[in-house]
Amino acid sequence: MAPLAGLAAGLMLLLMSCGMFFYAQLYGPGPKTVTRITFAHGMSVTAMGRELEKQHVIHSASLFRMAAKFSGQQNAMKAGTYEFPAGISLVNALKQIEAGRVVQTYITIPEGKTSAQAVRILMATKDLTGDVEVPPEGAVLPETYLYQPGETRQAVLERMLDAGRDTLDALWAKRAPDLPFATKEDALIMASIVERETKLADERPRVAAVFINRLRSGIRLGSDPTVIYGISHGEPLGRGLTREELDTLTPWNTYLIDKLPVTPIANPGKASIAAVLNPAKTKDLYFVANGTGGHVFAASYEEHLTNVAKWRAMEAQVNVYTSSATAPDAMVAPSVAKAPDATAKLVRLNAKR
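Okay, so let's go over this structure.

Criteria and cut-off values
Residues numbered from 1 in each chain as written. Predicted model: local features only at pLDDT ≥ 70, side-chain atom pairs only at ≥ 80, totals over all residues. Heavy atoms only, no water. Helix = DSSP H or I, 4+ residues; strand = E, 2+ residues; numbered from the N terminus. Buried < 20%, exposed > 50% of the residue type's maximum accessible area, 1.4 Å probe, protein only. Contact = heavy atoms within 4.5 Å. Areas by Shrake-Rupley, 256 points an atom, 1.4 Å probe, with all protein chains shown as cover. Phe/Tyr/Trp six-rings, centres within 6.5 Å; stacked < 30°, edge-to-face > 60°. Lys NZ or Arg CZ within 6 Å of the ring centre and 35° of its normal. Pairing = 2+ DSSP bridges. Axes fitted to C-alpha atoms, helices over the stretch in contact; angles between N-to-C directions. Parallel < 35°, antiparallel > 145°, perpendicular 65-115°, else oblique. Left-handed = near helix turned anticlockwise from the far one by under 90°. Nonpolar A, V, L, I, M, F, W, Y, C, P; charged D, E, K, R; others polar.

Moving on, we get to the overall build of the protein chain. A count of helical and extended segments in the protein chain gives 12 helices and 6 strands. Put simply, the protein chain has 353 residues, and 44% of those count as buried. In the protein chain, 62% of the contacts between residues at least 6 apart in sequence involve partners at least 24 apart. Split by element, the accessible area of the protein chain, about 18500 Å² in all, is 59% carbon and sulfur.

Below, the structure written as structure tokens:
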């Protein structure tokens, strides 16, 4: 009996040791540092386990595969980039992947950026891959987008373009009646002008009303940002517009053309598109900077001249020490605020953007 008892005790000890070993492998602490790993789409559980073992997150790829099979989730493991905390166990690493708790990374396209500028933001995002071509102006919806490290830039851009189309379609369907737009693309062009003219959300419907009223009345829009787009395709000039630039005909110069520009001049945000499709109900035809970042509006040219005089007085106080530095061939650019016969009399639409 003694040999049998000894054998039984030995087997029991072996089983206990094996149990403790597997428990330690499954639930014991993993790496001492945070580890980030990207699993590509279509990656098998076996390949995931090997990568986890290679990066020292787990001790055994085989045990990882067995645990995934036992959980019944081996065919539902989610791709993406994961950040495994220091000391994570194999079981908890498996649960994190099964739940798809990936790293949340975002890219933001600010409102009013051109498509070329949006592409530069994409290209500067180091954990995206591949190249993209510049899409049509106005096609990108400025927004914050979730992406996965290692994802292609083209895939992210496609989401931006889809969001732009969906947003324009949805807002166009809810537009006010009798707007002077033949197509929703015309509305997008107008929205891009509103976007570049004011950064104040509560002003956008009223700014939109000014441009729409002018369009209905057959008055040229007279917007400085459209002139700038014709010169630099939306890149900052770093200075005011010159008389020569204002007098140079381009398909975007709304001081010289009697209609909308041929394309948007930037990518407008949802609020600007909504403002153009449901503008404020006013008779305003003019607006000019008020010196505090906003604008004052006027329905008549005479009222507008009074507002312009007030702005000139404020501007003169600010520039009293720097006016002598202005180049003799430059001028403060006029704006939508000007009348056709009063080019030299008025100041630019906005203060500094």
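On to the packing of aromatic side chains, then. Taken as a whole, this structure holds 6 aromatic pairs when the rule is applied. For the pair Tyr-229 and Trp-252, a centre-to-centre distance of 5.3 Å together with 65° between the ring planes defines the contact as edge-to-face. Residue Tyr-229 is found in helix α9 (residues 224-232), and its partner Trp-252 is found in the loop between α10 (243-246) and α11 (270-277); the two are separated by 23 residues along the sequence. Grouping residues by exposure puts Tyr-229 and Trp-252 together as buried. A connected cluster of aromatic rings, assembled from ring pairs, spans Phe-39, Tyr-82 and Phe-84. Lying over the aromatic face of Trp-172, Arg-175 brings its terminal NZ or CZ to 3.9 Å of the ring centre.

Another point: the environment of Tyr-301. Assignment of secondary structure puts Tyr-301 in helix α12 (residues 301-319). Separated by 16 residues in sequence, Tyr-301 and Leu-285 place their C-alpha atoms 8.0 Å apart.

Taken across its 5 residues, strand β2 (residues 80-84) has 4 buried, putting it largely inside the fold. Direction of pairing for strand β1 (residues 35-39) relative to β2: antiparallel, over a ladder of 5 bridges. Its bridge partner lying in β2, Arg-36 is registered against Glu-83.

The N-to-C vectors of helix α3 (residues 61-71) and helix α4 (residues 90-99) enclose an angle of 55°; their axes lie 10 Å apart at closest approach. Classified by the angle their axes make, α3 and α4 are oblique. In terms of crossing hand, the pair formed by α3 and α4 is right-handed. Contacts between α3 and α4 involve Leu-63, Phe-64, Ala-67, Ala-68 and Ser-71 from the former and Leu-90, Leu-94, Ile-97 and Glu-98 from the latter. Tallied by class, residues from the contact of α3 with α4 come to 7 nonpolar, 1 polar and 1 charged.

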